[in-house]
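# Fold and contact review
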Amino acid sequence: MDMDKDRIIQELNKGAKSWNNWRKRHAVGDLNLDGVELTGMTFDDFDFSKVSMCNARITQCSFKHADLILANLQGAFLKDNDFSHAKLIAANLCGCNLSGSVLFFANMLTANTRNAKLENIDFRGQDISGFMLRDVSLAGSNLEGQQLARVDLTNSNLEGVNLQGADLTKALLVNARLTNADLRGAALSGAVFRSANVSGVDFSNMDLQETDFSGANLVNCDLREANLTKTKFANANITSARLWKMTSTGWDISNVECHYAFWDKSGKEKTVYRQHEFERIFADAITIELRYPYRLIDQELATLPIFIDHLAAAHWGTILRLKSITDVAGGALVKFVVEEVGPHNPTELKLQLQDEAERIQLAQLALRRDAKLHVQLKEKIAAIREEFWPRLLELAADHEKQQVRNLTILFMDLKGFSKWGDDELSEKLSLFRGLVKPILKKWEAGHPNMEGDSLRVTFKNVTVGLSCACMIRNVLTAAGFELRIGVELGEVSVVHNEVTGVPDLEGVAVSMAARLEAAAEAGEILASHKIYHYGKRSGLFKFIPRHVALKKGIGAIEQGDQVECFAVEAEKTLSDLS
């Protein structure tokens, strides 16, 4: 049964020290402040970890250095509060309104901010790359210089946001609203703006290579001198766009809507286009698509070169090639690309090629029902396979012998685990795992193995492994854990563990990572010389030379021998590692 809210508020009024001592004597479930209304109060250094304040209305309060780890603030109204240096790690902020609040150096790693309002907040000096920004409103906020590469901002409200100099490389901005946003100097290469509203945004002189604007509203956008190489504008509206000296190699403007555009430097001389005229004039290669009601078999794959020759011969002067074969629901999708249109009208040519391709496809489908012809073709393919396949297998075997599978291995262990009492062991391990799992997912860790207070994972490259190690250390240290981490790079064999029934890792690199972890000080990341060699190239980390004595021997190195290694620190903020 929840404790009376009035009693809890009385304790809040006694100050941080009294509150923190009082709450230790009460179970977490008793401290329920759902729906509470608080204004103008000071909660600096208060411990609100795991406290429930769902749908609370708290305004103009100070939470400096407060502990709100795993607090449940879902649906809360939290406008104009000061959360400077507060710990909001893994807090549930889903649907809450933090607009106008101060979040200076607030730690919000792995916090749930889905559907939250973070409007009119100055985030300069604050790393928000670890926030959950999908379905979030950041309207009017200052995100200048933020490192948001690959961050998911789907359905976000970014109207009037200052994103000058921000890194949005390959960020997801699907259906986002960016009207009147300032993106000057931002990095947008590969970003996804599908169905987004970016009307009136200044993209001049920007690198938009491989950026996806499919279905987006780009009315009145400035694209002068922009790099639009392989940029996708399919089904987008680019009416009134300024396009002077833009680069359009490989761009996709299929079904684009453009009633008029400006090609002069000043952006004042209007060029009007009829429906689909812009696409016909400026589109790149024609693509022909064929859907099959099944997956292609060997015989049909073998006839595709004949298929292409026939299409080219039927339309003199054209050159075609096979682009892709993709499995789709219920069958396969084959794409041909027209590299040369010859003397033909591109629009008419596309229709003619599509019709002819579908006619030839019917012949392919009929081949399955012609048993005699089917057998003959199958025998011809078998003869080719018998002649050439043994040679290909020999080449494949020789290639396989030359392959070395190198992985970055991370070992981590919590300090003081054996001293935890039975009453706190389960709770701490649950918190530990809850904080670490989303970090491993973020950095795409492989072969994760969590046993008790230890962790072992692998990564495909050094930079990602060290980035994950730094984030784990920062999050767990902020949550009050002490830990050690060892990182090594080397050849690893993945073997089947007969006891656990899951894949396991073997190799000298695995053992060395464990030795480095055991030799590390509390809060330290120790990396080998190999890790240093590859990691220093990124410029993201600082490597401090160390000599440590191994507590257990490995190979020719005996117990107690000194080995050279490096303590790793992030050279820049965590945003640079995302």
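Everything here concerns the structure above.
Attention here is on the structure that accompanies the text. Just so it is clear, the model here is predicted, and its values are computed rather than measured.

## Some remarks on the pairing of strand β17 (residues 562-570)
Summarising the sheet, strand β15 (residues 524-527) and β17 pair through two bridges and their orientation is antiparallel. Of the residues in β17, the one forming a bridge with L526 is A567.

## Side note on the packing of aromatic side chains
For the structure shown, the criterion picks out 29 aromatic pairs. Their ring planes at 50° and their centres at 4.8 Å tell us that F278 and F282 sit as a pair that is tilted. Residue F278 and its partner F282 are located together in helix α3 (residues 277-282), separated by four residues, close to a single helical turn. Seen from their ring centres, Y532 and F566 are 4.3 Å apart, and the 10° between their planes marks the pair as stacked. Of the two residues, Y532 is situated in helix α10 (residues 529-535) and F566 in strand β17; the sequence distance between them amounts to 34 residues. By relative accessible area, which is 5% here, F566 ends up buried. The ring of F77 is capped by R57, whose NZ or CZ atom sits 4.1 Å from the centre of that ring. The side chain of K270 reaches across the aromatic face of Y260, ending 4.2 Å from its centre.

## Concerning the packing of helix α7 (residues 422-442) against helix α8 (residues 462-478)
One can describe the packing of α7 onto α8 by two numbers: an axis separation of 10 Å at closest approach and a directional angle of 155°. Classified by the interaxial angle, the pair formed by α7 and α8 is roughly antiparallel. You can see that α7 and α8 cross each other, and the crossing is right-handed. The residues of α8 that touch α7, namely those facing F432, L435, V436, I439, L440 and K442, are C468, M471, I472, V475 and L476. In terms of residue class, the contact of α7 with α8 is built from 10 nonpolar, no polar and one charged.

Definitions and cut-offs
Residues numbered from 1 in each chain as written. Predicted model: local features only at pLDDT ≥ 70, side-chain atom pairs only at ≥ 80, totals over all residues. Heavy atoms only, no water. Pairing = 2+ DSSP bridges. Helix = DSSP H or I, 4+ residues; strand = E, 2+ residues; numbered from the N terminus. Phe/Tyr/Trp six-rings, centres within 6.5 Å; stacked < 30°, edge-to-face > 60°. Buried < 20%, exposed > 50% of the residue type's maximum accessible area, 1.4 Å probe, protein only. Lys NZ or Arg CZ within 6 Å of the ring centre and 35° of its normal. Axes fitted to C-alpha atoms, helices over the stretch in contact; angles between N-to-C directions. Parallel < 35°, antiparallel > 145°, perpendicular 65-115°, else oblique. Left-handed = near helix turned anticlockwise from the far one by under 90°. Contact = heavy atoms within 4.5 Å. Nonpolar A, V, L, I, M, F, W, Y, C, P; charged D, E, K, R; others polar.

These results come straight from atomic positions and should not be treated as a statement about function.
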